[in-house]
Amino acid sequence: MFLKGKSAIVTGSTSGIGLAYAKAFAAEGASVMINGFGDAAAIEQERAALEATSGAKALYDAADMTKAEAIEAMVKRCHDELGGPDIIVNNAGIQHVAPIDEFPADKWDAIIAINLTSAFHMMHAAIPYMKAAKWGRIISTASAHSLVASPNKSAYVAAKHGIAGLTKTAALEVATHGITVNAISPGYVWTPLVENQIPDTMKARGLTREQVMNDVLLAAQPTKEFVTPEQVAALAVFLCRDEAKSITGANMTVDGGWTAA
Ligand code: NAD
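1. Concerning the overall build of the chain
- Looking only at helices and strands, the chain has eight helices and seven strands in total.
- Along the three orthogonal principal directions, the C-alpha set of the chain runs to about 50 × 40 × 35 Å.
- Considering the chain as a whole, with its 261 residues, one finds that 49% of them fall into the buried category.
- For the chain, the computed accessible surface area is about 11300 Å², with 57% contributed by carbon and sulfur atoms.
- With 21 positive and 26 negative side-chain charges, the chain shows a separation of 5 Å between the mean positions of the two kinds.

2. Some thoughts on the domain arrangement of the chain
- For the chain, the domain assignment lists domain 1 (7-189 + 228-260) and domain 2 (190-226).
- Of note, the centres of domain 1 and domain 2, computed from C-alpha atoms alone, are 24 Å apart.
- Of all residues in domain 1, the largest losses of buried area upon contact with domain 2 belong to Val-97, Tyr-188 and Val-189, amounting jointly to 43% of the total for that side.
- Linking domain 1 with domain 2 are zero salt bridges.
- Linking domain 1 to domain 2 there are four residue pairs in polar contact (both at pLDDT 80 or more).
- For the side of domain 1 that touches domain 2, the residue count by class is eight nonpolar, nine polar and two charged.

3. Topic: the packing of helix α4 (residues 105-133) against helix α5 (residues 154-174)
- α5 packs onto α4 with a crossing angle of 15° between their chain directions and a minimal axis gap of 8 Å. Comparing the axis directions of α4 and α5 gives the class roughly parallel. The way α4 lies across α5 gives a crossing that is right-handed. The residues of α5 that touch α4, namely those facing Trp-108, Ile-111, Ile-112, Asn-115, Leu-116, Ala-119, Phe-120, Met-123, Ile-127 and Lys-131, are Ser-154, Ala-155, Tyr-156, Ala-158, Ala-159, Lys-160, Gly-162, Ile-163, Leu-166, Ala-170 and Val-174.
- Of the residues in the contact of α4 with α5, the class split is 16 nonpolar, three polar and two charged.

4. Digging into the environment of Ile-87
- Within the secondary structure, Ile-87 is located in strand β4 (residues 87-90).
- Relative accessible area serves as the criterion here: at 0%, Ile-87 is assigned to the buried category.
- Put simply, Ile-87 and Ala-8 are 79 residues apart on the chain and 4.5 Å apart in space, counted from C-alpha to C-alpha.
- In this view, Ile-87 contacts Leu-3, Ser-7, Ala-8, Ile-9, Phe-25, Met-130, Trp-135, Arg-137 and Cys-240; residues no more than four positions away in its chain are not counted.

5. A short note on helix α2 (residues 40-54)
- An ideal rise of 1.5 Å per residue puts 21 Å on 15 residues; α2 measures up with 21 Å between its terminal C-alpha atoms.
- Against the buried residues of α2 lie α1 (16-27), β2 (31-35) and β3 (58-61).
- Two residues or fewer after α2 comes Gly-55, characterised by a positive phi angle close to 75°.

6. Examining the sheet that holds strand β7 (residues 251-254)
- Sheet architecture is open: seven strands sit in the order β3-β2-β1-β4-β5-β6-β7, paired in parallel fashion. Looking at the sheet topology across the chains shown, the edges are occupied by β3 and β7. Neighbour to neighbour, the strand axes of the sheet diverge by 20° on average, direction disregarded.
- Pairing between strand β6 (residues 179-186) and β7: four bridges, direction parallel. Its bridge partner lying in β7, Ser-185 is registered against Thr-253.
- Running at roughly 155° to β2, helix α3 (residues 68-82) makes contact with β1 (7-10), β2 and β3 of the sheet.
- Relative to the sheet, α4 contacts β1, β4, β5 (136-141) and β6, its axis offset from that of β4 by approximately 170°.

Thresholds applied
- Residues numbered from 1 in each chain as written.
- Predicted model: local features only at pLDDT ≥ 70, side-chain atom pairs only at ≥ 80, totals over all residues.
- Heavy atoms only, no water.
- Helix = DSSP H or I, 4+ residues; strand = E, 2+ residues; numbered from the N terminus.
- Buried < 20%, exposed > 50% of the residue type's maximum accessible area, 1.4 Å probe, protein only.
- Areas by Shrake-Rupley, 256 points an atom, 1.4 Å probe, with all protein chains shown as cover.
- Lys, Arg positive; Asp, Glu negative; His and termini not counted.
- Charge placed at Lys NZ, Arg CZ, Asp CG, Glu CD.
- Domains from an automatic or database assignment.
- Buried area = accessible area lost by both parts, 1.4 Å probe.
- Salt bridge = Lys/Arg side-chain N within 4 Å of Asp/Glu carboxyl O.
- Polar contact = N/O pair within 3.5 Å; in protein donor to acceptor, adjacent residues only side chain to side chain.
- Nonpolar A, V, L, I, M, F, W, Y, C, P; charged D, E, K, R; others polar.
- Axes fitted to C-alpha atoms, helices over the stretch in contact; angles between N-to-C directions.
- Parallel < 35°, antiparallel > 145°, perpendicular 65-115°, else oblique.
- Left-handed = near helix turned anticlockwise from the far one by under 90°.
- Contact = heavy atoms within 4.5 Å.
- Expected span 1.5 Å × (residues − 1).
- Pairing = 2+ DSSP bridges.

In structure tokens:
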């Protein structure tokens, strides 16, 4: 339980990869602040389960990642009620699949706000606390799409490439403060985000569900297997260890070989 006494905020952690990060940090004893949308009773059940796992406090904060003031308030609430934040994970994300000439402008704005700008606000609010503590871990869930593109995902690919650049810049700025900043870039992970884009991809490319799964999603992944949320979370836990203190400014793939091709 090497994270006992430390606190972690994971944005977008009511589901998928974010929930896996929260569980993995709790398993190492961290107090965790979870965030995201969903059914109140289900969120409360997850929150209570995190406390049972960690033996430390777990809180839920409903901050909307499109709202700067809500993000700043969530970070301050973590500081006041859990300490830190020692670890922040910028993970909340949405997707929309359409060609640029048909891409709704409001979807573009929402994806850039949630998938990219929220990470800036999280860092802006958390870095002063981390500098004061002389220790911090900043992790962002980027994507294989921070390194390569796919058609019909303009906003997502732009946001994730942005995360890669923000990660490098922040790493340089805080390098002498005991704070590391890294991105984790998964390939296709089986979560609601992936499941929900299947109907749009079917429509955009005129394919069946099976064709989207095998010929579009797993076509890019040499292992022919979806990545699991737990595999992604295990890397985040490693990045929090003292042994990982020299890993900073990195964009680490967990993509079954996708971007090696
Ligand atoms: P998911 O849909 O299961 O989870 C997304 C989370 O973000 C949820 O908790 C949701 O409530 C939250 N969220 C959405 N909009 C929000 C907002 N405005 N404010 C606060 N929270 C909000 O998706 P996931 O697959 O677990 O994705 C998590 C991250 O991983 C995203 O950044 C995504 O781009 C990235 N990613 C996913 C995959 C994949 O294949 N699933 C691959 C690479 C990267």
